[in-house]
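Each chain is listed here by its residues.
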Amino acid sequence: MINYIIKRLLALIPILIGVAVIVFLIVHLIPGDPAQTMLGERATDEALQRLREQMGLNDPLPVQFWRYVKDLLRGDLGRSIMSNNPVSAELSQRFPATLELSFFAMVFAVVVGIPAGIFASVNQNSWFDNLSMLVALIGVSMPIFWLGLMFIWLFAVELGWFPPSSRIGVGLDFTPITNLYVIDSIIQLNFSALKDILHHLVLPAVALGTIPMAIIARMTRSSMLEVLRKDFIRTAYAKGLKRKIVIFKHALKNAMVPIITVVGLQFGVLLGGAVMTETIFSWPGLGKYLVDAIYARDFPIVQGGILFFAGVFVIVNLIVDLSYALVDPRIQYE
Amino acid sequence: MRKITLTTLIILVVMSVFVTGVMAQEQGGTLVFGRGGDTVGLDPIQVTDGESFKVTQQIYDTLVDYTPGTTEVEPALATDWEVSEDGLTWTFNLREGVEFHDGNPFNAEAVKWNFDRWRLEDHPYHIGGEFTYYGYMFQGFPGIIQEVNVVDDLTVEFVLSEKQAPFLNNLAMVPFGIASPEAVKEHGEDYFKNPVGTGAYTLEEWRQGDRVILKANENYWRERAYLDEIVFRSIPDNSARFMELQSGTIDMMDGVSPEDVEAVESADELKLSLRPSMNVGYFAMNFNFEPFDDVRVRRAFNHAIDKQAIIDAFYAGLAEPAKNPMPPSIWGYNDDIEPYEYNPEKAKELLAEAGYEDGFEFDLWYLPVPRPYIPQGKFIGQAIQSYLSEIGVTANLVTYDWSTYLDKTEHQEAPTYMLGWTGDNGDPDNFLYVLLDKTNSNNAYESEELHEVLVEAQKTMDQETRVELYMEAQEIIHKDAPWVPLVHSTPPIALKSNVENYVPNPTGTEKLHRVWLAE
């Protein structure tokens, strides 16, 4: 097991090198550059030349690449062109926000999606099955920016149940430490802040979790249906076992592998793809920030950010692979 | 008795109005300002974006400042100044007793240190960025500021290598806020997160990507700010930001979508404020592409587009049709110019005269991103396309992502394109020379006649002569019609009705120390 983990982590290195090279080439070969976006309408040739020179963009591409690789090997991702903030500082500032949101979205998706899928499968073709699969279908096809805006309009503006956006209200005494606000407020035993933070989390987490919830529900249902048709289920019933035990102990456990795969994949997608939700809910996460950086041609941020996401993706996949062994003892890692 | 009661009543009413008026201006409260993006950095010389300037404007002061609501210059950290006869030496007397937020004194030494840091590339603290606006306004490094001399503790002298008529206007710009030299030395490359100026507010906390929190400076050299705290929150989505305002979690916002303007105007608890325009949105025709080298075609286009209809449809009426390349808020605006009126028949005649009665086909580049002067590039592009089809001309809509778009238009690759400009310093030179001089134009408009006038205006210190020259320049431009000037937009700002004394400045940002909250 340990050997397997080490092997997988070592395999990260060539993946990251490949990503680094590809990302570097892509960001440097597309037209437009940071000097251009920084100056905007003010981008006269003279001003551009001066700025490019200062930014080191006038050097030949191989020279820039060598500088990039050299810094990278020392663990230095560089500084943002726009803000001059170290890339690592920007990432560590924003990734926790994305992680927190994705985690709670996933909790919602799993807590609602899996039971709905199970219930639908054991009552196949019942009204609940049809209804929940219809809801799931709508959920999968829902444009998230629309859903988000509707949530804000209904629950914040009209009903006033939840705050419209952001991670925390104004005027609360709270100091971020890890930037995982839920954890920070618990560490500081600041329960009024915790309450406010959780209150702020509900709408974006549900909005972001809706699509994965629908996907998980559908996957759970189909995986369960397949297992429920197996001979050993019939045997279990024949043994006189209770329905509850058959479903949860025998069927669900066997149906779990594809569900875990989907949960893992969806979590990876959420971490990297919460751009829309972050925009609508003014969530200062990494997704929105990276998209802005691409528009601004902030090369170091784009390079560092994508590299980081590639690493996160690989690690999430590794965790998913390892968790198979938990539900299915036949799976072993050498 | 009755009379007395009435008089007493009137006196009471008047007094209560007076008293509440004074009472209401009490200090205190937190203002939450919702905006589209976060601040990039808080060292004003290193940033170029409005979201950063909005905040640095509160933390720093400049030597001279714009009178609220105008582009005229008034004293700030400098109390008065004089310029030598040759226009090359400027001497400023500085305000006494001003302190930076860190307690260090503001004096001539500090002014010199700031300018040296900006202009000298070998200065030990010429780090942390590109000093873009310095290079831009003062023509490189060290640029035209040859020397900065400390005459005495409160007198500083600038020696220029050439005359620069808009010098004072430039110094009033928010990038040239004076920073505490000690703080810059202490924080080096990270100074942009630890700003120290002399302004009405100090930085309390900056949660990047989310909010900037400012606290009132108790030792401000002007009157202390009314508000105790200002929170700038970044709320990227226009609709979400507006809903925040409606649900009361923010007090004011900019970037109001045109479709929300009516909702603001009809709500009791909200009000609208319009920023005086210092911009122009235009449609340019490139002289390198036939048939745009023919002035009759360009004038025909000018007659073909109904600007007012575009303003009503896409700006919620909050803009004025443009007839000149610069807005009326800038001195030297030539209001005698007779605009090319909307007249498709006349446009067709002009086209026929030029030999294009059967029309022609060309590419029309529309803006890929919302800009203050053209918020909805694609829709306005489509509107222009349909106006032109009415005079028999076929426009194919084309666009690129913003940075590519800028790059290609700069290199004159676009046959026709939409673009615009937001003024920097409130000087006509900043519009006319920057946009239309033969050395700068993006559409191969290379008028020698205009060049001579604009260059002369740059070297003239006499204000009246400059006004005359710019009047003349606008006539030349009108005659040559290199663009269809479209609009000067007046960006709307929505506020809760209890936000008092907010005066938007044409330059795009303003100090908020006189803003207070009623109730």
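Rules of the game
Residues numbered from 1 in each chain as written. Chains lettered and ligands numbered in written order. Predicted model: local features only at pLDDT ≥ 70, side-chain atom pairs only at ≥ 80, totals over all residues. Heavy atoms only, no water. Helix = DSSP H or I, 4+ residues; strand = E, 2+ residues; numbered from the N terminus. Buried < 20%, exposed > 50% of the residue type's maximum accessible area, 1.4 Å probe, protein only. Phe/Tyr/Trp six-rings, centres within 6.5 Å; stacked < 30°, edge-to-face > 60°. Lys NZ or Arg CZ within 6 Å of the ring centre and 35° of its normal. Contact = heavy atoms within 4.5 Å. Buried area = accessible area lost by both parts, 1.4 Å probe. Salt bridge = Lys/Arg side-chain N within 4 Å of Asp/Glu carboxyl O. Polar contact = N/O pair within 3.5 Å; in protein donor to acceptor, adjacent residues only side chain to side chain. Nonpolar A, V, L, I, M, F, W, Y, C, P; charged D, E, K, R; others polar. UniProt positions renumbered as here; feature names shortened; annotations may be inferred. Pairing = 2+ DSSP bridges. Axes fitted to C-alpha atoms, helices over the stretch in contact; angles between N-to-C directions. Patch = residues over 30% accessible without salt bridge, like charges linked within 9 Å, V, L, I, M, F, W, Y side chains within 5 Å. Areas by Shrake-Rupley, 256 points an atom, 1.4 Å probe, with all protein chains shown as cover. Lys, Arg positive; Asp, Glu negative; His and termini not counted. Charge placed at Lys NZ, Arg CZ, Asp CG, Glu CD. Core = buried A, V, L, I, M, F, W, Y, C linked by side-chain atoms within 4.5 Å.

### Remarks on the environment of K70(A)
Residues and elements named next belong to chain A.
Alright, step 1. As for its position among the elements, K70 is in helix α4 (residues 61-73).
Alright, step 2. Judged by relative accessible area, which is 40%, K70 ranks as partly exposed.
Alright, step 3. The sequence separation of K70 and V257 amounts to 187 residues, and the corresponding C-alpha distance is 42 Å.

### Some remarks on the packing of aromatic side chains
Alright, step 1. The tally for this structure, following the rule as stated, stands at 47 aromatic pairs over all chains.
Alright, step 2. With a centroid separation of 5.6 Å and an interplanar angle of 45 degrees, the aromatic rings of F301(B) and F362(B) are classed as tilted. In this pair, F301(B) is assigned in helix α9 (residues 295-304) and F362(B) in strand β15 (residues 361-365), connecting sequence segments 61 residues apart.
Alright, step 3. With relative accessibility at 0%, the residue F301(B) sits in the buried group.
Alright, step 4. Owing to a relative accessible area of 6%, F362(B) belongs among the buried residues under this scheme.
Alright, step 5. We note R94(A) situated over the ring of Y289(A); from NZ or CZ to the ring centre the distance is 3.8 Å.
Alright, step 6. When the ring centre of Y226(B) is taken as reference, the NZ or CZ atom of R514(B) above it lies at 4.4 Å.

### Regarding the interface of chain B and chain A
Alright, step 1. Counting residues at the interface gives 56 residues for chain B and 47 residues for chain A.
Alright, step 2. Between chain B and chain A the total buried area reaches about 4200 Å² when both faces are included, carbon and sulfur atoms providing 53% of it.
Alright, step 3. When the buried area of chain B at its contact with chain A is split by residue, E130(B), Q208(B) and M243(B) rank highest and sum to 15% of it.
Alright, step 4. At the junction of chain B with chain A, the criterion picks out 3 salt bridges.
Alright, step 5. Here D190(B) and R79(A) are joined by a salt bridge, their closest N and O atoms 3.6 Å apart.
Alright, step 6. If you look at where chain B meets chain A, you find 11 residue pairs in polar contact (both at pLDDT 80 or more).
Alright, step 7. Sorting the residues of the side of chain B that touches chain A by element identifies β1 (30-35), α4 (132-137), β8 (201-207), β10 (229-234), α7 (238-247), α13 (402-410) and β17 (416-422) of chain B as the ones contributing at least two each.
Alright, step 8. Class assignment for the residues of the side of chain B that touches chain A results in 15 nonpolar, 24 polar and 17 charged.

### Some thoughts on the UniProt feature "domain: Solute-binding protein family" (unreviewed entry) in chain B
Alright, step 1. Taking the numbering used here, the UniProt-annotated feature "domain: Solute-binding protein family" (unreviewed entry) corresponds to residues 72-443 of chain B.
Alright, step 2. End-to-end, the C-alpha atoms of residues 72-443 of chain B are 31 Å apart, and along that stretch the chain is 29% helix and 22% strand.

### Side note on the sheet that holds strand β16 (residues 394-398) of chain B
Residues and elements named next belong to chain B.
Alright, step 1. Here we have 6 strands laid out as an open sheet, ordered β14-β18-β13-β17-β15-β16, and mixed in their pairing. Both outer strands of the open sheet, β14 (319-321) and β16, are each paired with one neighbouring strand and no more. Sheet twist, expressed as the average angle between the axes of neighbouring strands with direction ignored, equals 25 degrees.
Alright, step 2. Of the pairings in the sheet, the one linking β14 to strand β18 (residues 483-489) comprises 3 bridges and is antiparallel in character. Counted as the bridge partner of P321 is V487 from β18.
Alright, step 3. The strands touched by helix α10 (residues 307-314) within the sheet are β14 and β18, with β14 carrying the most contacts at an inclination of about 165 degrees.

### A short note on the sheet that holds β1(B)
Alright, step 1. Sheet architecture is open: 7 strands sit in the order β8-β9-β10-β1-β11-β19-β12 (chain B), paired in mixed fashion. The open sheet has two edge strands with one neighbour each: β8 and β12 (270-274) of chain B.

### As for the side chain of T416(B)
Residues and elements named next belong to chain B.
Alright, step 1. Relative to the elements of secondary structure, T416 occurs in strand β17.
Alright, step 2. Separated by 2.8 Å, the side chain of T416 and the backbone oxygen of D363 make a polar contact.
Alright, step 3. Other than its neighbours up to four places away in sequence, T416 contacts F283, A284, M285, F292, F362, D363, L364 and W365.

### Overview of a negative patch on the surface
All names here are of chain B.
Alright, step 1. A contiguous patch of negative charge on the surface is contributed by D336, E452, E456, E472 and E475.
Alright, step 2. Contributions of two or more residues to the negative patch are made by α15 (448-459) and α16 (463-480).
Alright, step 3. Within the secondary structure, E475 is located in helix α16.

### Here's the deal with the nonpolar core
Alright, step 1. Counting 143 residues, the largest nonpolar core has F92(B), F158(B), F283(B) and F301(B) as the members making the most contacts within it.
Alright, step 2. Residues in contact with F283(B), not counting those within four places in the same chain, are F301(B), I305(B), F362(B), L364(B), I384(B), T416(B), Y417(B), M418(B), W483(B), V484(B) and L486(B).
Alright, step 3. One finds F24(A), A193(A), L201(A) and L208(A) within the second-largest nonpolar core, a separate group that totals 76 residues.

### Quick look at a nonpolar patch on the surface
Residues and elements named next belong to chain A.
Alright, step 1. A surface patch of nonpolar side chains, about 860 Å² in accessible area, is lined by M1, I2, I6, L10, I13, I17, V21, L25 and L29.
Alright, step 2. Inspection of the secondary structure assignment puts L10 in helix α1 (residues 2-29).
Alright, step 3. Looking at L10, the relative accessible area reads 51%, which means it is exposed.

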